[in-house]
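What the coordinates show
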Amino acid sequence: MTLSTGVAEATRLTEEQVAGFVIDATKEVFGTMVMMELEDQYPLQEPVTKFRCSVTGMVGLAGTYSGILSIHCPLEFALRITSNMLGMDVEEVGEDVNDALGEIANMLGGYVKMVLSKGGMDLHLSVPTVISGEEYTLNAMADSDCVIIPFVNESQRFLVGLKLQKEA
């Protein structure tokens, strides 16, 4: 997986730096909002498009850059995230899980916006979208202009992906 050449040239950032921003943002959000410490792993070299028994939160980016920031969690981990955020046991996917994963995607997207945007004026975030299911495919992360970073907490692994393109 690689950062788009147009994005790298425009931002003067390397893929490693962008991955570092995503790692820092994810660890900060999970540390403060979810009360979980994370271990990051090296960004994936191959895209991940098929998910099983998972929940995905996404936020779109538009403006100088366009793209998607996404978080992909196994169902069990999404329930644990939501339980930690709300301070109560959540045992099934529903509105609470959708709100929690959507808010995490929104916070991560806000961090990316802050890093890439000139005072927040040239990059906009969409309303978060959350999907879940027994089996689904996301083609948005299928091409090579994407950085996907695995994270681990208590042996449970989830992914955070950032796909960016420079607009003309």
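An account of the accompanying structure is given in this report. All of these numbers come straight from a predicted model, not from anything done at the bench.

Quick notes on the rules
- Residues numbered from 1 in each chain as written.
- Predicted model: local features only at pLDDT ≥ 70, side-chain atom pairs only at ≥ 80, totals over all residues.
- Heavy atoms only, no water.
- Helix = DSSP H or I, 4+ residues; strand = E, 2+ residues; numbered from the N terminus.
- Contact = heavy atoms within 4.5 Å.
- Areas by Shrake-Rupley, 256 points an atom, 1.4 Å probe, with all protein chains shown as cover.
- Axes fitted to C-alpha atoms, helices over the stretch in contact; angles between N-to-C directions.
- Parallel < 35°, antiparallel > 145°, perpendicular 65-115°, else oblique.
- Nonpolar A, V, L, I, M, F, W, Y, C, P; charged D, E, K, R; others polar.
- Buried < 20%, exposed > 50% of the residue type's maximum accessible area, 1.4 Å probe, protein only.
- Polar contact = N/O pair within 3.5 Å; in protein donor to acceptor, adjacent residues only side chain to side chain.
- Core = buried A, V, L, I, M, F, W, Y, C linked by side-chain atoms within 4.5 Å.
- Expected span 1.5 Å × (residues − 1).
- Patch = residues over 30% accessible without salt bridge, like charges linked within 9 Å, V, L, I, M, F, W, Y side chains within 5 Å.
- Salt bridge = Lys/Arg side-chain N within 4 Å of Asp/Glu carboxyl O.
- Lys, Arg positive; Asp, Glu negative; His and termini not counted.
- Charge placed at Lys NZ, Arg CZ, Asp CG, Glu CD.
- Left-handed = near helix turned anticlockwise from the far one by under 90°.

Within the chain one finds four helices and seven strands. Start at the N end of the chain and walk to the C end: the helices and strands fall as α-α-β-β-β-α-α-β-β-β-β. At a minimum sequence separation of 6, the contacts of the chain that also span at least 24 residues come to 69%. Accessible surface, the chain: about 8300 Å² in total, of which carbon and sulfur atoms supply 50%.

Moving on, we get to the packing of helix H2 (residues 15-34) against helix H3 (residues 75-86). Relative to each other, H2 and H3 sit at 55°, their axes nearing to 9 Å. Judged on the interaxial angle alone, H3 and H2 are oblique. Contacts from Phe 30, Met 33 and Val 34 in H2 reach Phe 77, Ile 81, Asn 84 and Met 85 in H3. For the contact of H2 with H3, the per-class residue count stands at six nonpolar, one polar and no charged.

The topology assignment puts Thr 82 in helix H3. By relative accessible area, Thr 82 is classed as buried at 0%. Within polar-contact distance, the side chain of Thr 82 engages the backbone oxygen of Ala 78 at 2.9 Å. Setting aside residues up to four positions removed in sequence, Thr 82 forms contacts with Val 90, Asp 96, Val 97, Ala 100 and Leu 101.

Counting residues in hydrophobic clusters, the biggest one holds 39 residues, and the most contacted among them are Phe 30, Ile 71 and Phe 158. In this view, Phe 30 contacts Met 35, Met 36, Leu 38, Ile 71, Phe 77, Ile 81, Ile 104 and Phe 158; residues no more than four positions away in its chain are not counted. Among the nonpolar cores identified, the runner-up in size contains eight residues, and Phe 51, Met 58, Tyr 136 and Leu 138 belong to it.

For the rest of this paragraph, the subject is H3. Between its terminal C-alpha atoms H3 stretches 17 Å, which fits the 16 Å expected from twelve residues at 1.5 Å a residue. For H3, the complete set of buried residues consists of Phe 77, Ala 78, Leu 79, Ile 81, Thr 82 and Ser 83. Among the structural elements, H2, strand S2 (50-63), strand S3 (65-74), helix H4 (95-116), strand S6 (146-153) and strand S7 (156-166) are those in contact with the buried residues of H3. Among the residues trailing H3, Gly 87 stands out with phi positive, at a value near 70°.

Moving on to a negative patch on the surface. Judged by side-chain charge, Glu 95, Asp 96, Asp 99 and Glu 103 come together as a negatively charged surface patch. Here Asp 96 lies in helix H4.

The next point concerns the packing of H2 against H4. Closest axis-to-axis distance for the H2/H4 pair is 10 Å, and the angle between their directions is 140°. Classed by the angle they form, the pair H2 and H4 counts as oblique. Both H2 and H4 take part in a crossing whose hand is right-handed. Facing Phe 21, Asp 24, Ala 25, Thr 26, Glu 28, Val 29, Phe 30, Met 33 and Val 34 of H2, the residues of H4 in contact are Ile 104, Met 107, Leu 108, Tyr 111 and Val 115. Along the lines of polarity and charge, the residues of the contact of H2 with H4 split into eleven nonpolar, one polar and two charged.

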